[in-house]
Each structure stands twice: as C-alpha cells, then as structure tokens.
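Listed below, chain by chain, are the residues.
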Amino acid sequence: MRLQLGYVPLCDAAPLIAAHELGFARAEGLDLDLTAEPSWATLRDRLALGHLDGAHMLAPLALASRLALSGPPSDLIVPLQLSTDGNAVTLSNTLWAAMDPASEALADVARAFAGVAEARHRAGTPLTLGTVHPFSCHSYQVRLFAEAGGLDAAAFRTVVVPPQHCVEALARGLVDGFCAGAPWNDVAVAAGHGRVAVHGSALAPNATEKVLAVSARLDGAILPLVRAVARAGRWCADPENRTELIHRLARRTYLDLDPALVGRAFGDPDPSAEPGTRIRFGAAVEEPRAAQARWLLEQMRASQQVPAQFDIAAAIATVYRADLYRAAMADL
C-alpha cells in the first residue's frame, strides 16, 4: 500500500525518513512517498483535506486540527509520539549585547530579556520573536521564557516564521529572535547571526514535540504504519546509528546541510551528558500518553487558545490513541 506522508525539514522528522530509507515501511507492506512541506499551516491543511495520509506534526497542532481550533475540519488521530525536546530560543547578537545577562543561567537570561523587552515596549518599538506556529510548544516555551523573567508576553510581538526560514529572518533583522527546532538554532549560531539563550527543555522538560498524525480513514494501514515508524524511531535512538542518521538527514533530499551542523542537534552521544538538550526518540517516548496531551491542552488554555471550560478529557480521548499504539507494538 502506498501512503503519502508530509514533514517539515527538521531533525525530528528522522523516524519518518528512516522508515522510508531503511526499509522499515517496506517490511510492513508499505511504500512511503515523503513530501517536504513549506510550513506547518500547509501541512495541516493538506492533511485535513486528504492530500496527505499522515504527517510528522507539531503535537499541539495535531490536537488543534482535530478539535477544529486551527484550519479545516479534520479526522486525524495520534497513534504514536515521535520525539521530545530539541527546541531552543535563539536571540540576535545585538539583542544579547543589549541584555548583557549576569550569567547564562535561565533566571538571569530571562530577567535580562525582560528588561530590554520592557524598555523597547515603553519606547514604542517592541521586540519581535519568531515562532513556528501559534499551536506549538515553541510558542508556549516563548511564553514560559517571558514568565521566567516576570515579563508579560504582551510586551513583545510574536510572528509566525516556518522553521527553515528562521535563520534568514534573523539575519535580515525581521525578528530579534526565534524559537524553533533543530537544526535551525545551531545553523543561526554557526552563521554568526545569534546565540542560543535557552533550550526549550529548560522551560518545559521532556515536552512532547512531534507526533505521527494520521487520518482515521487509513483504518487497516494505521497499525503497520505505526510499527514501521516506531521501529525506525528506535533505530534513530540507538547511539550506534548516530553517524549514519546524521548523514542521511544532511542529504540534499532532506535538510541539505553540513552533517556537522545536523550532528549538533543530537548532542553528546554519551548517556551521562546533560539531559534534555538533544532530541529524544525511541521506545521511551513513543506511546501517546494522556498526561502529555493534558499538559499541551493546559498550555493552550494558558495561551487563551481554548475556552476556560474546555473539556480536556474528551479532547484527549478523541485524538490520543494509545490503544492503537499498544495494538501495533504488541508483538515487538
């Protein structure tokens, strides 16, 4: 069976790419056609309208799409989580110099950011930060970063910038900083356009980042697809495969970047290294758990994206399908 799957060019699309490239999908009787989408909004719409069968998707956006909070009505469900962590807030060199934080500790950096943001707000020239989509952990982590410094998020502007365009937006001065997933923060730093102010994992440890979102109409194809992508995610999580994974992602077909830049997204392969600063794949993160969905929906509520009386339990039961994950993985 041939399936059309979408992704946005990011390191955490790796399980879909590995499922296609390394034969995990073929072993399940599936042929995957992967399509790089230009933005999360485009991916959301193509999935909702039936142009895609499934996708690598922002976890909050998957919930928002199915719950008719963003884009066209959809029938999508989440039977597999792909990754956690991997985001960072990167600020321009000019902004960092103006902040001049006392240290690189989160509290000091957040307070320094708040001081500059408040001054710019009073002067009528508010800071502008890019985020990849309103329904994203990136947006919530920007809000949490502001709150860590005692700053009201209304004191600065946020604009949507697709992750692969964040570096250009920073270089051209269109934004003063951005929150995006790997590898784009490292690309901005390597190009000399900015520096990482804080990793998303310091603001929201182990936050669900990307999920496999699929159309419910796939029916019998869902379990083999979940098995294929989950097995690929476990391959991606194995340190012995790190070099091959990085080189495959770096190819022109996918990220089209220097492998050394892609490699930074995966941090130190030593398991004793600082946790949370690298993307996590594999068995430990795969099951779509209600607690994770609840945290996402609470962030939506804190961001005033859902009503205060929103039925969180019903929303979780509709979208997060741990039963399908368990059925797919029962024999593995």
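First, a word on scope: everything that follows refers to the structure included in this document. (Residues numbered from 1 in each chain as written. Predicted model: local features only at pLDDT ≥ 70, side-chain atom pairs only at ≥ 80, totals over all residues. Heavy atoms only, no water.)

## Section: the sheet that holds strand β4 (residues 76–84)
Basically, it comes down to this: When DSSP finds at least two bridges between two strands, those strands are taken to pair. Secondary structure elements are defined from DSSP: runs of H or I of at least 4 residues count as helices, runs of E of at least 2 residues count as strands, and each element is numbered from the N terminus. Geometry is summarised by axes, namely lines fitted to C-alpha atoms with helices restricted to the contacting stretch, and by angles between N-to-C directions that run from 0 to 180 degrees. A contact between two residues is defined here by any heavy atoms of the two lying within 4.5 Å.
Strand order in the open sheet formed by 5 strands is β2-β1-β3-β10-β4, and the pairing between neighbours is mixed. Taken across any chain shown, the strands that pair with only one partner, and hence form the sheet edges, are β2 (31–36) and β4. Looking at each pair of strands side by side, their axes are set apart by 25 degrees on average, direction ignored. Pairing geometry for strand β3 (residues 54–58) and strand β10 (residues 208–215), over 5 bridges, is antiparallel. Paired with Gly54 across the strands is Val214, a residue of β10. The sheet contacts of helix α4 (residues 59–66) involve β3, β4 and β10, and relative to β3 the element is tilted by about 115 degrees.

## A short note on helix α11 (residues 222–237)
Just so we agree on the cut-off: Between the first and last residue of a helix there are one fewer steps than residues, each counted as 1.5 Å, and that sum is the expected span. Relative accessibility under 20% of the residue-type maximum defines a buried residue, over 50% an exposed one, and the middle range a partly exposed one, all with a 1.4 Å probe and only protein chains included.
A rise of 1.5 Å per residue sets the reference length of α11, with its 16 residues, at 22 Å; its end C-alpha atoms lie 22 Å apart and thus fit the reference within 8%. The complete set of buried residues in α11 reads Ile222, Pro224, Leu225, Val226, Ala228, Val229, Ala230, Ala232, Gly233, Trp235 and Cys236.

## Brief notes about the pattern of salt bridges
Heads up, the condition is: Salt bridges, as used here, are contacts in which a Lys or Arg side-chain nitrogen is within 4 Å of a carboxyl oxygen on Asp or Glu.
For the coordinates displayed, the defined rule picks out 20 salt bridges. Arg248 is the salt-bridge partner of Glu21, the closest N and O atoms lying 2.6 Å from each other. Remark: Arg248 occurs in helix α12 (residues 242–250) and Glu21 occurs in helix α1 (residues 14–21); sequence separation between them is 227 residues. According to the relative accessible area criterion, Glu21 is partly exposed, its value standing at 26%.

## Structural notes on the environment of Cys166
Relative to the helices and strands, Cys166 resides in helix α8 (residues 166–171). Judged by its relative accessible area of 1%, Cys166 is buried. Setting aside residues up to four positions removed in sequence, Cys166 forms contacts with Val161, Phe178 and Ala180.

## Here we look at the packing of aromatic side chains
Here is the rule we go by: Pairing of aromatic side chains requires ring centres within 6.5 Å, counting the rings of Phe and Tyr and the six-membered ring of Trp. Pairs whose planes differ by under 30 degrees are stacked, by over 60 edge-to-face, and all others tilted. We call a charge positioned over a ring when the NZ of a Lys or the CZ of an Arg lies within 6 Å of the ring centre and within 35 degrees of the ring normal.
Tallied over the entire structure, the rule returns 4 aromatic pairs. Look at Tyr7 and Tyr254: their rings are 6.3 Å apart centre to centre, the planes differ by 55 degrees, and that puts the pair in the tilted class. You can see Tyr7 sitting in strand β1 (residues 2–7) and its partner Tyr254 sitting in the loop between α12 and α13 (259–264), a full 247 residues away along the chain. Overall, the relative accessible area of 9% leaves Tyr254 in the buried class. Both rings, one in Phe113 and one in Phe156, keep their centres 5.8 Å apart while their planes meet at 75 degrees; by these two values the pair is edge-to-face. Residue Phe113 is found in helix α6 (residues 106–122), and its partner Phe156 is found in the loop between α7 (137–148) and β7 (157–160); the two are separated by 43 residues along the sequence. An identical accessibility class is assigned to Phe113 and Phe156; each is buried. Among the aromatic residues, those joined into a cluster by ring pairs are Phe113, Phe145 and Phe156. One Lys or Arg, Arg195, reaches over the ring of Trp96 and ends 4.1 Å from the middle of that ring.

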